Amino acid sequence: MNNNTHPLKKVSQRILEDWAMMLVDDAETAEGLFDKSSPVFMSWIKIHGVVEGALTIVAQEDFIKTLAHNLLGRSEEEPLTDAECKDAFKEMGNVLAGNFLTEAYGEDIVFDLIHPNVREITEDELEKFSSRKILFGFMADDQPVAMSFSIKGN
Amino acid sequence: MAYNILIVDDSSIVRKVLIKTFGMTDIKVNNFYQAENGKVGLDLLHSNWVDLVFLDINMPVMNGMEFMKNLRNDPTYKETPVIVVSTEGSQERRDELLSAGIKAYLRKPVTPKSLVEAITQILGESKNE
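Source: prediction; values computed, not measured.

## Things to note about the overall build of chain A
Each helix and strand counted, chain A has four helices and six strands in total. In sequence order, chain A lays out its α and β elements as α-β-β-β-α-α-β-α-β-β. Radius of gyration (C-alpha) of chain A: 15 Å, near the 15 Å computed for a compact globule of 154 residues. Seen through its principal axes, chain A has C-alpha atoms that stretch 45 × 30 × 25 Å. Taken across its 154 residues, chain A has 50% of its residues classed as buried. Once local pairs closer than 6 in sequence are excluded, the contacts in chain A between residues at least 24 apart make up 70%. Approximately 7,600 Å² of chain A is accessible, and the part contributed by carbon and sulfur atoms is 46%.

Listed below in structure tokens is the structure:
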């Protein structure tokens, strides 16, 4: 985990609180953050322009459902489709990446966000993700979520 | 006055969130039309009266720039105001979009305040949150 002033940490917290409308706490470590007995999902988006890289979010079903419910303004009793959940998690990558890049590199940078995607990841992939250099974990509405930014080639 | 709004975005969640954001303002809306790409958006424009278009840029089938080109080349829809909603906000990108004929640019996440300001600027009516 990195220091408290990293733009990804600052922006992640802001997006979780203001956009996803969740109560957010820091997680001290990404290791052991996720319940390995349940599926773990990854939302990522490629960044092209000011920097070449990718922004990745890892979370589990409960977080993704809460996110979709909050974005759509639906009560927890109202059902969600898989497509809505996937779209919400994908859009979070898009919003987070755009706001992070602006925070980190300035208002006037030019970039493209391409190929947003969501998929389930394996335990090995989660382990690799957890060892990334730029990685921040949070508990959002008591559900784990972690964000990472990777630069191509690093 | 109540408006007819067309939202062109390939993400259903983005369309729904934008509709929800409208619900948090005093802006009166008659109908929301939703399209998952520029081609469907143009088809909806041809069959419905639309006061204002919210447009995404990166979409499959027909992207936002192609949609703008088609719109501006058609005398019927030449003056239909378009607001782009995107995560990218550089001046260079805004200039490029403005020269393509968009009226305003909203950066995600769209807040009720930014929505009201953009619509007030374009449609010239005083709207409050």
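## Focus: a nonpolar patch on the surface
Residue and element names in this part refer to chain A. There is a patch of nonpolar side chains on the surface, built from V50, Y105 and I151 and spanning about 210 Å² of accessible area. Take V50: it is sitting in the loop between β2 (40–49) and β3 (53–60). Since its relative accessible area comes to 35%, V50 is described here as partly exposed.

## Here we look at the pairing of strand β1 (residues 3–8) of chain B
All names here are of chain B. Burial of β1 is extensive: six of the six residues sit out of reach of the surface. Side chains Y3, I5 and I7 project from β1 onto one buried face, and the interleaved N4, L6 and V8 project onto a second face that is buried too. A crossover links β1 with its parallel partner strand β2 (residues 29–35), the connecting element being helix α1 (residues 12–23), and its sense is right-handed. In this structure, β1 lies alongside strand β3 (residues 52–55), joined through four bridges in parallel fashion. Within the sheet, the bridge partner assigned to I7 lies in β3 and is F54.

## So, the sheet that holds strand β4 (residues 111–121) of chain A
Residue and element names in this part refer to chain A. What the six strands build is an open sheet, ordered β1-β5-β6-β3-β2-β4; its pairing is antiparallel. The sheet is open, and its two edges are formed by β1 (24–26) and β4, each paired on a single side. In this sheet, neighbouring strand axes are inclined to one another by 20° on average, regardless of whether the strands run parallel or antiparallel. Two elements, strand β5 (residues 135–140) and strand β6 (residues 143–151), share six bridges in a ladder whose sense is antiparallel. When the bridges of β6 are listed, G137 appears paired with A146.

## Things to note about helix α2 (residues 38–47) of chain B
Residue and element names in this part refer to chain B. Buried within α2 are the following residues: G38, G41, L42, L44 and L45. An end-on view of α2 places all buried positions within 160° of arc, on one side of the element. More than 90 degrees from the buried face of α2, the exposed residues found are H46 and S47. The N-terminus of α2 is capped by N37, whose side-chain oxygen sits 2.9 Å from the backbone nitrogen of K39.

## Focus on empty space enclosed by the protein
Residues and elements named next belong to chain B. For the structure shown, the criterion picks out one cavity of 30 Å³ or more. Contributing to the lining of the largest cavity are I7, V8, D9, V14, L18, F54, L55, D56 and V85. Contributions of two or more residues to the lining of the largest cavity are made by β1, α1 and β3.

## What to know about the nonpolar core
Within the largest apolar cluster, 45 residues are counted, with the highest numbers of intra-cluster contacts made by L16(A), L55(A), F63(A), L67(A), F89(A), V145(A) and M147(A). No other element matches the nine residues that helix α3 (residues 82–105) of chain A contributes to this core. With residues near it in sequence (within four places) discarded, L16(A) still touches M21(A), M22(A), V24(A), F63(A), M92(A), F138(A), A140(A), V145(A) and M147(A). Residues L42(B), V50(B), M59(B) and V84(B) belong to the second largest nonpolar core, which totals 22 residues.

What counts and how
- Residues numbered from 1 in each chain as written.
- Chains lettered and ligands numbered in written order.
- Predicted model: local features only at pLDDT ≥ 70, side-chain atom pairs only at ≥ 80, totals over all residues.
- Heavy atoms only, no water.
- Helix = DSSP H or I, 4+ residues; strand = E, 2+ residues; numbered from the N terminus.
- Rg over C-alpha atoms; globule rule 2.2 N^0.38 Å.
- Buried < 20%, exposed > 50% of the residue type's maximum accessible area, 1.4 Å probe, protein only.
- Contact = heavy atoms within 4.5 Å.
- Areas by Shrake-Rupley, 256 points an atom, 1.4 Å probe, with all protein chains shown as cover.
- Patch = residues over 30% accessible without salt bridge, like charges linked within 9 Å, V, L, I, M, F, W, Y side chains within 5 Å.
- Salt bridge = Lys/Arg side-chain N within 4 Å of Asp/Glu carboxyl O.
- Right-handed = clockwise from strand over helix to strand, strands pointing away.
- Pairing = 2+ DSSP bridges.
- Axes fitted to C-alpha atoms, helices over the stretch in contact; angles between N-to-C directions.
- Arc of directions from axis to C-beta.
- Polar contact = N/O pair within 3.5 Å; in protein donor to acceptor, adjacent residues only side chain to side chain.
- 1 Å grid on protein atoms, 1.4 Å probe; cavity = no way out; pocket = protein on both sides within 12 Å on 5 of 7 lines; lining within 4 Å.
- Points joined across faces, edges and corners; volume = space filled by probe spheres on them.
- Core = buried A, V, L, I, M, F, W, Y, C linked by side-chain atoms within 4.5 Å.

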